[in-house]
Amino acid sequence: MRNGIHPVSRPVVFRDRAAGFQLLTRSTIESRRTVEWEDGTTYPVVDVEISSASHPFYTGTSRVVDTAGRVERFQRRYGRTTADRH
């Protein structure tokens, strides 16, 4: 491999706050925020919205999406156009 062209890989903590899950792994992503890991060492931390601890595929749970309710709320909020009323 050529020197100077590859990104630097370093330990980074990925944290899913919704599930209370943290994963220490190597990554090239940069973060200014830090967190203290279980071993007492401070690492950069990246907050993620979904991880294997909260994703429905891995947890076996599913969420019901109320699409009819969403359409009704949209119509109440923004109303129907005049073309729809004829």
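Fair warning: this is a prediction, and the values are worked out from it, not measured in the lab.

Chemist: Help me out: how do you make sense of the overall build of the chain in this one?
Modeler: Across its full length, the chain carries three helices and four strands. Along its sequence from the N terminus, the chain presents helices and strands in the succession β-β-β-β-α-α-α. Restricting to contacts in the chain with at least 6 residues of sequence separation, those with at least 24 account for 31%. Carbon and sulfur atoms provide 50% of the accessible area of the chain, an area that totals close to 7500 Å².

Chemist: Would you mind showing me how to read the sheet that holds strand β1 (residues 10–16) here?
Modeler: Working definition: the strands of a sheet are paired by backbone hydrogen bonds and lie parallel or antiparallel to each other. Strand order in the open sheet made by the four strands is β2-β1-β4-β3, with mixed pairing throughout. Since the sheet does not close on itself, it has two edges, and those belong to β2 (21–27) and β3 (34–36), each with one partner. Neighbouring strand axes in the sheet, compared pairwise and without regard to direction, differ in orientation by 45 degrees on average. As paired elements, β1 and strand β4 (residues 42–47) share three bridges and run parallel to each other. When the sheet's bridge partners are listed, Phe-14 is paired in β4 with Val-46.

Chemist: Explanation requested: the environment of Ala-53 in the structure shown.
Modeler: One can find Ala-53 in the loop between β4 and α1 (56–59). A relative accessible area of 33% places Ala-53 in the partly exposed class.

Chemist: Can you walk me through the pattern of salt bridges in this structure?
Modeler: Side-chain pairing between opposite charges can occur once the charged atoms of the two side chains come close. Overall, the coordinates contain four salt bridges when judged by the stated rule. The partner of Glu-30 in a salt bridge is Arg-10, and the shortest N-O contact between them spans 3.5 Å. Separated by 20 residues along the polypeptide, Glu-30 in the loop between β2 and β3 and Arg-10 in strand β1 bring together distant segments of the chain. Relative accessible area serves as the criterion here: at 25%, Arg-10 is assigned to the partly exposed category. Note that Asp-47 and Arg-33 form a salt bridge whose closest N and O atoms lie 2.8 Å from each other. Pair noted here: Asp-47 is in strand β4 and Arg-33 is in the loop between β2 and β3, with a separation of 14 residues, a long-range link.

What counts and what doesn't
- Residues numbered from 1 in each chain as written.
- Predicted model: local features only at pLDDT ≥ 70, side-chain atom pairs only at ≥ 80, totals over all residues.
- Heavy atoms only, no water.
- Helix = DSSP H or I, 4+ residues; strand = E, 2+ residues; numbered from the N terminus.
- Contact = heavy atoms within 4.5 Å.
- Areas by Shrake-Rupley, 256 points an atom, 1.4 Å probe, with all protein chains shown as cover.
- Pairing = 2+ DSSP bridges.
- Axes fitted to C-alpha atoms, helices over the stretch in contact; angles between N-to-C directions.
- Buried < 20%, exposed > 50% of the residue type's maximum accessible area, 1.4 Å probe, protein only.
- Salt bridge = Lys/Arg side-chain N within 4 Å of Asp/Glu carboxyl O.

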